[in-house]
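# Per-entry structural report
Residue strings, one per chain:
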Amino acid sequence: EEESPWNIDGELVIGHDSNVSRAALSRDVVDDNTALLSLAAAWTRELDLMSAVTLRGFLEGEAFSELDSLNRRSAGVQAIYRWQYELGYTAPFFQASLSAQQDDFDSSLRDADRYVAQAFVTRRFTDALRGSFGMEWSRSESDGVVFDVDQRRFFANLDLALNRHWAVYGTYAQARGDTISSAQLVFCNGATAPDIYPLIDASDAVETDEALNAALCGSWLAYRLPAMTHAFTFGANRGFGHSASLDLSVQHVEVLGRGDNDYQRTLLRAGILARF
């Protein structure tokens, strides 16, 4: 029986973000729990023995436990091209993709059109060990001034199969470009933050953060500035047959922003992935 060119994928992820506000100052750090649900349909055609193309459409929704003004709904499309120069178990294969998505937040200033171009190479080193290296460019064009973001990212990944069911992985990513953070301008007691002006001076754009103002007391600003970002991800994946898996991961992010506006965040995730 000929294999269908269609695949339907679903994912449910529960997570915790230690610094949803991406705040540089400890008093502005806000954490929250999240739930993300996504569904994607993909059509693949083999062009020849060495290459294939995939067209993919996806829907995604993310909900926050406390900061529901950050809830998001997204829809997008993606085109993927994969190829090899030679056949063989350890021969590298290459992938390039373009994607576009529309993000609709409960806070309208964060609504955005996002475009991503990515390319990477993957190679098996042994039966158990596989590695990849790639680069990515992304741009968001938002309804607000602050949330227009350009970023370039490089990443490297290693996957190690421990047995038939379990695999572990690690990823390092370095990004240069814009970062977005939030800070209190006025505290809940009505006092103005005395040390906010150096932060504003270092920023390329500043505007009212209507999402945090809707969810929290005080008056919050969102600001954008150039930064270097380092992200370290460690995870484990447990497969169930050929159609489902459980994924557990922890990601630590270090952001070094202009004017010593640095921050850290840790994201914990547990997800179920299924193919129908």
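Look up a bit, the structure's there.
Criteria and thresholds
- Residues numbered from 1 in each chain as written.
- Predicted model: local features only at pLDDT ≥ 70, side-chain atom pairs only at ≥ 80, totals over all residues.
- Heavy atoms only, no water.
- Phe/Tyr/Trp six-rings, centres within 6.5 Å; stacked < 30°, edge-to-face > 60°.
- Buried < 20%, exposed > 50% of the residue type's maximum accessible area, 1.4 Å probe, protein only.
- Salt bridge = Lys/Arg side-chain N within 4 Å of Asp/Glu carboxyl O.
- Helix = DSSP H or I, 4+ residues; strand = E, 2+ residues; numbered from the N terminus.
- Pairing = 2+ DSSP bridges.

What follows concerns the packing of aromatic side chains. The tally for this structure, following the rule as stated, stands at 5 aromatic pairs. Pairing Tyr-81 with Trp-83 gives two aromatic rings, centres 5.1 Å apart and planes at 20°, and the pair type is stacked. Residue Trp-83 is classed as partly exposed on the basis of its relative accessible area of 21%.

Applying the stated criterion to the full structure yields 13 salt bridges. The partner of Glu-62 in a salt bridge is Arg-72, and the shortest N-O contact between them spans 3.2 Å. On the criterion of sequence distance, the pair formed by Glu-62 in strand E3 (residues 51-64) and Arg-72 in strand E4 (residues 72-84) is long-range, its members being 10 residues apart. Grouping residues by exposure puts Glu-62 and Arg-72 together as buried. Two residues, Asp-104 and Arg-73, come together in a salt bridge whose shortest N-O distance is 3.5 Å. Separated by 31 residues along the polypeptide, Asp-104 in strand E5 (residues 93-105) and Arg-73 in strand E4 bring together distant segments of the chain. Since its relative accessible area comes to 36%, Asp-104 is described here as partly exposed. Sharing partners across several salt bridges, the network here consists of Arg-27, Asp-28 and Asp-195.

Here strand E8 (residues 149-161) pairs with strand E9 (residues 166-186) via 11 bridges, running antiparallel. Opposite Arg-152, over in E9, you have Arg-176 as the bridge partner. The antiparallel pairing of E8 with E9 creates a hairpin that spans 4 residues between the two strands. Examined bridge by bridge, E9 and strand E11 (residues 219-240) share 20 bridges and lie antiparallel to one another. Bridge pairing links Gly-170 to Phe-234 in E11.

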